[in-house]
Amino acid sequence: MRKVIAIGALLSAMTQVPAHAQDAGSLLSNIDFSLTGYGTAGTVVTSTDSAQFIRGNESSGATKSPAENVDSNLGVQATARFTSWLAATAQAEYTKDALTGVVPWAYLKLDPLDSLSLKLGRVEMPIFAISDSLDVGYANVWLRPPQEVYALSNLKELNGAELSYSLPVAGTHLSLTAYAGDTVIWTQRYGQMNGNDARGGELKWDTQWVTLRAGYAQAHVDGNILIENIPVGPIPTPLGNVTAYVPYNYYVEDIYSFEGFGALVDHDNIIAQAEWVKRYSQNYPGTVNATGWYVLGGYRFGTLAPYLSFAKTVKDHADGYTASGTLSDDQSTAAVGVRWDAFKSADIKFQAEHVNPEGTGGVSFAFINSPLGLLPATPSGSVNVFSVTVDFIF
Amino acid sequence: MKKTLYIVALGQLLLAAAAHADDLVVIGNAASSPLTKEQVSDLYLGKSQGMKLLDQPAAAPIKAAFYQQVSGHDLSQVKATWSRLIFTGKAQPPKELPDSAAVKKAVAADAKTIGYVEKGAVDGSVKVLLDLK
């Protein structure tokens, strides 16, 4: 929030600069201001009560009782374009899990050349092929990104700078993005940690109908985290023997890194997407290291776009892996869904999934509170998940 | 499903008919250089920047015909594509003007601007940068 205010102050300062030359009124009237928004309203129900199905880092989700929080969100964005080379964008997003709302974007964008842009402020790191519009349901074919890939990253918003250069190559576009700054790492298992000195880059090649990309990101992570509550006892008391739990906090320091490759195809009525990603830790490979991939294929019949997808994540079970301590575990999901562009600025989506956590806590299930602290919930067998959403933009 | 296909086919026929009835052209300022179909598609789908884009109202048949001819995308696809670009601040969407006359007027006034109109609407105030036959 402080940053947003700072940007606001900076903006008002910038609008003041040429004001002394002429009147501020005519300058302000030249600002192209737009207010837009997006949202998703949805509900999810599963075939089990043994674990709650979630998206990303949500703390609660769906069981046999439907849950609306899994996919629902609401975002509002304000953009002010001052000149052809200077614009400011701020976006606020509300989800049920983020109590105070989040600010995915709040930046000043400078375009000194048509092919070069610099963003200063808060931006979403391009970790995946579809990192930037991940929360905008209307922008995507799927109802929900495959969690086997998209739930692996703990790097999201960056407070810093992002430089993008785009180069036309024989009718296609090659673009290179580099960024650096600070971030906050949020894991469901261990809560919040600092992510300093975050940096990364993306190389992207865009043709008329195919996009290929490769990305890399890393951050220096540190924080004092609760590993678990250690049982002490039994301690004899007048009320009988009791077990006490002593929090075992531990200072961790690490280098997290993330690499990914992706291909997106949109040609005539054919939609195809595939990504492969890997999450690494320098000091805690058994807790962090994991690989994920998915393939998705779809076809547009007018306003209907049915699709099929398969996704898999494999946790690195070597080097200090413990089922209770890991950030995520093994899982695969086969999904079938349809996007129906039923309205002018809204779609309806339906998705059915068969999620197999392979006897582990997987990636799509909320950790549960126990006297020992947060522990993975292990569903009893495979879980079928049914979701319906309405995505809209305004 | 068969019914949907018929409707889609009918829709495409109608679009084709509409396009034939009045061919479209991409217009620019007298100082602008000609553009290829790929360049126009890249600009109007936000893949490249550098021009101020003008659009027609969503309800105007010319809009659907233009995007279909240039990119093969229907309007809901175009809208989804732009929602991706808008909500990341990557690009500014084309500015919607009420009709072809307004597009022509804006193009004539600004060298960085392009738009599309019916071929029959072209006059000396603008230059044809691409003829979509």
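Going by the structure above, here's the rest.
This structure is a prediction, so every number in the text was calculated from the model and none was measured.

1. Considering unusual backbone geometry
All names here are of chain A.
1) Next: With omega at 5 degrees, the peptide bond leading from Gly 233 into Pro 234 counts as cis.
2) Next: Of note, Asp 268 is a non-glycine position whose phi angle comes to about 50 degrees, a positive value.
3) Next: For Asp 268, a relative accessible area of 53% puts it in the exposed group.
4) Next: At Glu 358, a position not held by glycine, the phi torsion is positive, near 50 degrees.

2. Notes on the interface of chain B and chain A
1) Next: Taken together, the 25 residues of chain B in the interface contact 39 residues of chain A.
2) Next: When the two sides are added together, the surface that chain B and chain A hide from each other amounts to roughly 2,600 Å², 50% of it contributed by carbon and sulfur.
3) Next: Looking at the side of chain B facing chain A, the largest losses of area belong to Lys47(B), Arg84(B) and Phe87(B), adding up to 27% of the total buried there.
4) Next: If you look at where chain B meets chain A, you find 1 salt bridge.
5) Next: Taken together, chain B and chain A are joined by 10 residue pairs in polar contact (both at pLDDT 80 or more).
6) Next: Listed by contribution, the elements that provide at least two residues to the side of chain B that touches chain A are helix H1 (2-21), helix H2 (37-44) and helix H4 (75-86) of chain B.
7) Next: Here the side of chain B that touches chain A is composed, by residue class, of 6 nonpolar, 11 polar and 8 charged.

3. Thoughts on the nonpolar core
1) Next: By size, the foremost hydrophobic cluster in this structure holds 41 residues, and its most contacted members are Ile127(A), Tyr150(A) and Met193(A).
2) Next: In contact with Tyr150(A), not counting residues within four places along its chain, are Phe128(A), Ala129(A), Ile130(A), Leu134(A), Trp142(A), Pro145(A), Glu275(A) and Tyr294(A).

4. Considerations on H4(B)
1) Next: End to end, H4(B) covers 16 Å across 12 residues, agreeing with the expected 16 Å (1.5 Å per residue, within 8%).
2) Next: Those residues of H4(B) not exposed but buried are Ser76(B), Gln77(B), Val78(B), Ala80(B), Trp82(B), Ser83(B) and Leu85(B).
3) Next: Summarising the contacts, the buried residues of H4(B) are in contact with strand S10 (240-267), strand S14 (331-340) and strand S18 (383-393) of chain A together with H2 and helix H3 (61-71) of chain B.

5. Side note on the sheet that holds strand S1 (residues 24-28) of chain B
Residue and element names in this part refer to chain B.
1) Next: Read from one edge to the other, the open sheet built from 5 strands follows the order S3-S2-S4-S1-S5, with strand pairing classed as mixed. With partners counted over all chains shown, the strands left at the sheet margins are strand S3 (95-96) and strand S5 (127-132), one partner each.
2) Next: This element, helix H5 (residues 100-109), spans S1, strand S2 (52-55) and strand S4 (113-118) of the sheet and lies at about 150 degrees to S4.

Conventions adopted
- Residues numbered from 1 in each chain as written.
- Chains lettered and ligands numbered in written order.
- Predicted model: local features only at pLDDT ≥ 70, side-chain atom pairs only at ≥ 80, totals over all residues.
- Heavy atoms only, no water.
- Buried < 20%, exposed > 50% of the residue type's maximum accessible area, 1.4 Å probe, protein only.
- Contact = heavy atoms within 4.5 Å.
- Buried area = accessible area lost by both parts, 1.4 Å probe.
- Salt bridge = Lys/Arg side-chain N within 4 Å of Asp/Glu carboxyl O.
- Polar contact = N/O pair within 3.5 Å; in protein donor to acceptor, adjacent residues only side chain to side chain.
- Helix = DSSP H or I, 4+ residues; strand = E, 2+ residues; numbered from the N terminus.
- Nonpolar A, V, L, I, M, F, W, Y, C, P; charged D, E, K, R; others polar.
- Core = buried A, V, L, I, M, F, W, Y, C linked by side-chain atoms within 4.5 Å.
- Expected span 1.5 Å × (residues − 1).
- Pairing = 2+ DSSP bridges.
- Axes fitted to C-alpha atoms, helices over the stretch in contact; angles between N-to-C directions.

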